[in-house]
Amino acid sequence: MSTEIASIKITKVEASRIGEVDFDNIPFGKVFSDHMFTMDYSDGEWKNLEITPFKDLTFSPAISSLHYGQSIFEGMKAYRRGENIYTFRAKDNFDRLNKSAERMCMPSIPNKLVMDGLRELLKVDKDWIPDNESNSLYLRPFMFATDEYVGIRPSEKYKFIIFCCPVGSYYTEPLKVKIETHYTRAANGGVGEAKAAGNYASSLYPAKLANEQGYHQLLWTDSKEHKYIEESGTMNVMFVIDNVLITPPLTGTILPGITRKSVLEIAKDWGYKTEERQITVDEVITAAKNNTLQEAFGAGTAATIAQIEVIGHEGTNYDLPAVKDRELSNKLLTFLNRIKRGLEDDKWGWIEKI
Ligand SMILES: Cc1ncc(COP(=O)(O)O)c(C=O)c1O
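The structure displayed is predicted, hence computed values, not measured ones.

What is the right way to read the overall build of the chain from this model?
If you tally the helices and strands in the chain, you get 7 helices and 19 strands. Taking 2.2 N^0.38 as the reference for a compact globule, 354 residues should give roughly 20 Å; the C-alpha atoms of the chain span a radius of gyration of 21 Å, in line with that estimate. For the chain, the C-alpha atoms occupy an extent of roughly 65 × 50 × 35 Å along the three principal directions. The buried share of the chain, taken over its 354 residues, is 42%. Once local pairs closer than 6 in sequence are excluded, the contacts in the chain between residues at least 24 apart make up 71%.

See the structure below:
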């Protein structure tokens, strides 16, 4: 069955796999919806816009993304309430994708093209968007180099894909994080602010060591002195100290998170004092010791707000205040969950109803 809508060729599955999915127990990132959106870049333009069944693809072993890592991605979600489907700040994700693309010498994608593709995909896979507050449809847009060439230069051909995973909670419990004072996620002048695949590969080994020591995640510090806090795993990190919401500034090594900037805007709107400034490991540990550290959490699309209950530093674990007593982050989580499903006044224009 094949139909042409706008300039996107749509081929639907003959039989949906949705009946096989236990939506009450979905493992994060392992279940894929029926369809995906794909397009190709060559001769200076994006072409072959298609929605097809989710399927394996065939490539030459020589494609350059496999060897030299010209590969970038995004992570975003679609939400559903009854017959309404919503995306949250999707344009910001695609703007960030284009910034990552520029840094990695990859082509940009016109916003309209990618938004049209996403909207059509969500319409086709609408039934895969869970309709409750804790679940959603995770969307994975990504682009990779497809030149068959063993030589280091920007590829001339690329593939772009969006596929979808119905997901539940990313973390099932508050996090124990370890302040990393040896390994580095990103250095000044590097690619930390791009969502480049290699950033994640290089974080695996230090994260594995932290897991072996009983921590869920790392708190990354700056590459030069390991003195300043940067991010937590794949989330931006935020602290409430003496009633002020503090998060590290975007200086090039940190991913400019869409949850981060939303949290800052909401907290400001609610009258909280917020600061984007360098925060030292010493300041956090001192605040934890003298009980002025009221809240600590990660902010990111996958988990929205991930509470941090223990911070480990140089062999000592510092217990943070009980999660139930954390006024701001609990309020933020509820508000974000509601606004994303069209249940709050969207005065910022963040929500698009598909
Ligand atoms: C390294 C890193 N930091 C922060 C974030 C949070 O960004 P966002 O809120 O846009 O999901 C992510 C997730 O995309 C990430 O991978």
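Sorry if this is basic, but what is going on with helix H4 (residues 197–212) here?
Residues spaced three or four apart along an α-helix face the same direction, because each turn holds 3.6 residues. In this model H4 runs 24 Å from its N-terminal to its C-terminal C-alpha over 16 residues, within 8% of the 22 Å that 1.5 Å per residue would give. Largest kink in H4: about 35°, centred on Leu-204, with the proline Pro-206 one to four residues after it. Within H4 the residues assigned to the buried category are Asn-199, Ser-203, Ala-207 and Ala-210. Residues of H4 that are buried in the fold lie against strand S10 (175–179) and strand S11 (217–221).

Would you take a moment to explain the domain arrangement of the chain for this structure?
Interface size is commonly expressed as the accessible area that is lost once the parts come together. For the chain, the assigned domains read domain 1 (2–167) and domain 2 (175–339). Computed from C-alpha coordinates alone, the two centres of domain 1 and domain 2 are separated by 28 Å. On the side of domain 2, 12 residues touch domain 1, which itself brings 17 residues to the contact. Elements with a minimum of two residues in the side of domain 1 that touches domain 2: strand S5 (71–73), strand S6 (76–81) and helix H2 (90–103). Ranked by the residues each element gives to the side of domain 1 that touches domain 2, the list is headed by H2, at 6 residues. When its residues are assigned to classes, the side of domain 1 that touches domain 2 shows 4 nonpolar, 5 polar and 8 charged.

Hey, could you run me through the site of the ligand in this one?
Surrounding the ligand, one finds 13 residues, the nearest of these being Leu-255, Gly-257, Thr-259, Gly-300 and Thr-301. At the level of elements, strand S13 (235–241), helix H5 (258–269) and strand S16 (293–300) are the ones that each hand at least two residues to the shell around the ligand. With 3 residues, the single largest contributor to the shell around the ligand is H5. Among the residues making up the shell around the ligand, the classes are represented as 4 nonpolar, 7 polar and 2 charged.

How do you make sense of the pairing of S6 when you look at a structure like this?
Consecutive side chains of a regular strand alternate in pointing toward one face of the sheet and then the other. In terms of residue burial, S6 counts as a mostly covered element, since 5 of its 6 residues are buried. Summarising the sheet, S6 and strand S8 (residues 136–145) pair through 3 bridges and their orientation is antiparallel. Paired with Met-76 across the two strands is Leu-139, which belongs to S8. With 4 bridges joining them, S6 and strand S7 (residues 84–88) adopt antiparallel strand pairing. The residue bridging Tyr-79 from the neighbouring strand is Tyr-86, located in S7.

It is not clear to me how unusual backbone geometry should be interpreted in this structure. Could you clarify?
Note on backbone geometry: most residues besides glycine have negative phi, and most peptide bonds are trans. The phi angle at His-226 is positive, at roughly 50°, despite the residue not being glycine. Secondary-structure assignment places His-226 in the loop between S11 and strand S12 (229–232). The exposure class of His-226 is partly exposed, given the 17 C-beta atoms found within 10 Å. Phi at Glu-314 is positive, roughly 45°, even though this residue is not glycine. With respect to the helices and strands, Glu-314 occurs in the loop between strand S17 (304–313) and strand S18 (316–319).

Explain the pairing of strand S3 (residues 35–42) here, please?
Taken together, the 7 bridges between S3 and strand S4 (residues 45–53) define a ladder with antiparallel strand orientation. The residue of S4 that forms the bridge with Phe-37 is Ile-51. The antiparallel hairpin formed by S3 and S4 contains 2 residues in its connecting segment, where Asp-43 sits at a positive phi of about 50°. Looking at chain direction, S3 and strand S9 (residues 158–167) are connected through 5 bridges and run antiparallel. Counterpart to Thr-38 in the pairing with S9 is Ile-161.

Before we go on, may I ask you to explain the confidence of the model for the chain in this structure?
Do not read the fine detail of predicted coordinates wherever pLDDT is low. Considering every residue of the chain, the mean pLDDT works out to 95; 98% of them sit at 70 or more. Considering only residues more than four positions removed or in separate chains, one finds that residues 1–5, a stretch of pLDDT under 50, has 7 contacts.

Even after reading the chapter, I still don't get the nonpolar core, so can you show me in this structure?
Across soluble globular proteins, nonpolar side chains have a tendency to be buried as a group. Ile-72, Ala-78, Leu-219, Phe-239, Val-284 and Ile-311 are the most contacted members of the largest nonpolar core, which totals 86 residues. Of the domains in this structure, domain 1 (2–167) and domain 2 (175–339) are the two that each give at least three residues to this core. Excluding its chain neighbours within four sequence positions, the residues that come into contact with Phe-239 are Ile-246, Ile-279, Val-284, Leu-293, Glu-295 and Ala-296.

Where do I start with the packing of H2 against helix H3 (residues 111–124) in this structure?
A packed helix pair is summarised by two numbers, namely the angle formed by the two axes and the spacing between the axes. Where H2 meets H3, the closest approach of the two axes is 10 Å, and the angle between their N-to-C directions is 130°. As judged from the angle between their axes, H2 and H3 are oblique. For the pair H2 and H3, the sense of crossing is right-handed. Contacts between H2 and H3 involve Ala-90, Lys-91 and Phe-94 from the first element and Asn-111, Val-114, Met-115 and Leu-118 from the second.

Cut-offs and rules
Residues numbered from 1 in each chain as written. Predicted model: local features only at pLDDT ≥ 70, side-chain atom pairs only at ≥ 80, totals over all residues. Helix = DSSP H or I, 4+ residues; strand = E, 2+ residues; numbered from the N terminus. Rg over C-alpha atoms; globule rule 2.2 N^0.38 Å. Buried ≥ 20, exposed ≤ 12 C-beta atoms within 10 Å, placed from the backbone. Contact = placed C-beta atoms within 7 Å. Expected span 1.5 Å × (residues − 1). Bend = angle between axes of the 7 residues up to and from the residue. Domains from an automatic or database assignment. Nonpolar A, V, L, I, M, F, W, Y, C, P; charged D, E, K, R; others polar. Near = placed C-beta within 6 Å. Pairing = 2+ DSSP bridges. pLDDT = per-residue confidence, 0-100. Core = buried A, V, L, I, M, F, W, Y, C linked by C-beta atoms within 7 Å. Axes fitted to C-alpha atoms, helices over the stretch in contact; angles between N-to-C directions. Parallel < 35°, antiparallel > 145°, perpendicular 65-115°, else oblique. Left-handed = near helix turned anticlockwise from the far one by under 90°.

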